[in-house]
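Listed below, chain by chain, are the residues.
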Amino acid sequence: MKTVTARAHTNIALIKYWGKKDPDLILPYTSSVSLTLADFYTDTTVSFDPTLKADQFHLDGIAKPAGKVSQFLDLVRHRADIPTYARIESHNHVPTAAGLASSAAAFAALALAGSRAAGLDLSPSALSRLARRGSGSASRSIFGDLAIWHRGHDDASSVAEALPPTTLPLRMLVVMVDTSRKAIGSRALMANTVATSPYYPAWVTTNENAVQAMVEALAANDFAQVGHLTEQSSMQMHATILAADPAFTYWQPETLTAWAIVKQLRAQGIPAYATMDAGPNVKILTLSPYVEQIKAALAPTFGERLLTTGPGPAARVLTEVPNA
Ligand code: DP6
């Protein structure tokens with residue numbers, strides 16, 4: 001057995017995942033496309049120890065209930081055929097309260113560190129399938145830059161892979177609208193959207209077509225189309241959520257303010273496109289030459305509540321040490 005530390009980066013979906021066909025295996029209704037980000041990541045250390053009576057989990061130095069982490073490690077234990085409990089330490093490297101601490105980075109790092117620590121040597125594809133069982137979006141964080149998660153139809157076929165690199169100098173600005181409150185958990189809301197939103201079937205058809213269109217737009221380096229599809233997928237996801245029963249939105253007044261600024265910038269010929277996830281913060285997809293102009297337009301309203309990042313690397317092992 002070894003003590004393994006792995007790093008995985010957050011990803012933001014350009015074409016969203018929203019809704020599970022199989023909640024146990026986490027098989028989604030639609031495929032999705034994402035950009036892995038350079039500046040936001042999770043480091044996780046796993047060490048299996050035969051003297052432990054239960055898994056022990058620390059997040060940013062604080063002991064936490066191991067529940068979901070343990071359930072996930074059960075998959076690893078089953079696969080490695082070991083009964084041993086583990087010590088798990090995770091650190092989120094996200095600028096304070098950016099609202100970007102993500103289950104994607106967390107489960108991708110845990111899949112890599114946990115499987116290696118248990119003596120398994122999984123391929124990126126097998127790691128992606130494993131990470132998916134912790135959180136759907138984690139399947140994409142195994143890969144750097146652009147990734148596609150194919151919805152598939154069973155455990156083996158629902159897997160992410162890297163998309164060919166683009167020459168577009170992609171950048172993402174994060175507008176921190178509200179960092180004071182915890183985002184409402186997406187899992188229950190996702191299930192309720194599937195169950196009650198009359199727009200959900202339309203979302204599935206539209207979003208699946210958007211995945212194909214996005215792959216083509218990226219291959220053609222057509223940023224106007226990449227941005228357009230990104231903004232559409234996000235808005236359509238939020239529309240299905242708003243139409244669910246009970247109706248709900250993650251948006252806050254400043255979410256709309258940021259989106260309005262993005263649209264104004266576009267009217268001036270600046271390629272900027274907004275995407276929102278399970279929270280009120282707005283991420284703006286653009287190209288590197290436009291970052292300063294976009295920051296200048298946002299600064300009067302959002303001041304220092306802005307972060308800029310770009311494409312980040314694949315999940316990787318940082319250290320691997322044999323246990324004493
Ligand atoms: C809005 O991957 O966090 O960020 O599979 O239930 O853990 P679970 O959900 P999660 O959902 C991500 C939703 C999203 C869109 C996306 O990342 O594709």
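## Regarding the site of the ligand
Neighbouring the ligand are 17 residues, the closest being Y17, K20, S135, G136 and S137. Here an oxygen atom of the ligand sits 2.8 Å away from a polar atom, N or O, in the side chain of R187. Within the side chain of D277, a nitrogen or oxygen atom sits 3.5 Å from an oxygen atom of the ligand. Calculation on the ligand without its partners gives an accessible area of 460 Å², and the protein chains cover 91% of this total. Counting residues per element, the shell around the ligand draws most heavily on helix α5 (residues 186-196), at three residues. Per-class residue counts for the shell around the ligand are seven nonpolar, five polar and five charged. A domain split of the shell around the ligand shows at least three residues from each of domain 1 (2-166) and domain 2 (170-309).

## Remarks on the domain arrangement of the protein chain
In terms of domains, the protein chain is made up of domain 1 (2-166) and domain 2 (170-309). For the pair domain 1 and domain 2, the summed buried area comes to about 2,900 Å², and 71% of that belongs to carbon and sulfur atoms. In this structure, the connection of domain 1 to domain 2 is made through two salt bridges. Ionic pairing is found between R151 and E208, a salt bridge with its closest N-O pair at 3.5 Å. One can count 13 residue pairs in polar contact (both at pLDDT 80 or more) joining domain 1 with domain 2. Every element with two or more residues in the side of domain 1 that touches domain 2 is listed here: β1 (2-15), β4 (32-48) and β8 (146-149). Broken down by element, the side of domain 1 that touches domain 2 gets its largest block of residues, seven residues, from β4.

## Things to note about the packing of aromatic side chains
Describing an aromatic ring pair means giving the distance of the ring centres and the angle of the ring planes. Applying the stated criterion across every chain yields a total of six aromatic pairs. With a centroid separation of 5.5 Å and an interplanar angle of 75°, the aromatic rings of Y29 and Y200 are classed as edge-to-face. Of this pair, Y29 sits in the loop between β3 (27-28) and β4 while Y200 sits in helix α6 (residues 200-219), and the two are 171 residues apart along the sequence. For Y29, a relative accessible area of 25% corresponds to the partly exposed category.

Criteria and cut-off values
- Think of each chain on its own: its residues are numbered from 1, step by step along the sequence as written.
- The model is predicted, so local features are restricted to residues of pLDDT at least 70 and side-chain atom pairs to those at 80 or more, both for listing and for counting; the totals for chains, interfaces and linings are taken over all residues.
- The basis for every side-chain value is the complete set of heavy atoms in the structure, and neither hydrogens nor water enter the calculation.
- To be near a molecule or strand, a residue needs just one of its heavy atoms within 4 Å of it.
- Pairs of N or O atoms within 3.5 Å make up the polar contacts considered here, provided that, within protein, one atom can donate a hydrogen while the other can accept it, and that residues adjacent in sequence are counted only when both atoms are side-chain atoms.
- Accessible areas in this description were obtained via Shrake-Rupley with a 1.4 Å probe; residue shielding takes into account the shown protein chains only.
- Helix and strand assignments come from DSSP, with helices taken as H or I runs of at least 4 residues and strands as E runs of at least 2, each series counted from the N terminus.
- Residues are grouped as follows: nonpolar covers Ala, Val, Leu, Ile, Met, Phe, Trp, Tyr, Cys and Pro; charged covers Asp, Glu, Lys and Arg; every other residue, Gly included, is treated as polar.
- Each domain's limits were defined by an automated method or a database of domain assignments.
- Here the buried area means the combined drop in accessible surface, using a 1.4 Å probe, for two parts upon being joined, counting both sides.
- We count a salt bridge whenever a side-chain nitrogen from Lys or Arg sits within 4 Å of a carboxyl oxygen from Asp or Glu.
- Stacked, tilted and edge-to-face pairs are distinguished by plane angle, under 30 degrees for stacked and over 60 for edge-to-face with tilted covering the rest, among Phe, Tyr and Trp rings (Trp via its six-membered ring) whose centres lie within 6.5 Å.
- For each residue, the accessible area found with a 1.4 Å probe, counting protein chains only, is set against the maximum for its type, and the residue is called buried under 20%, exposed over 50%, and partly exposed in between.

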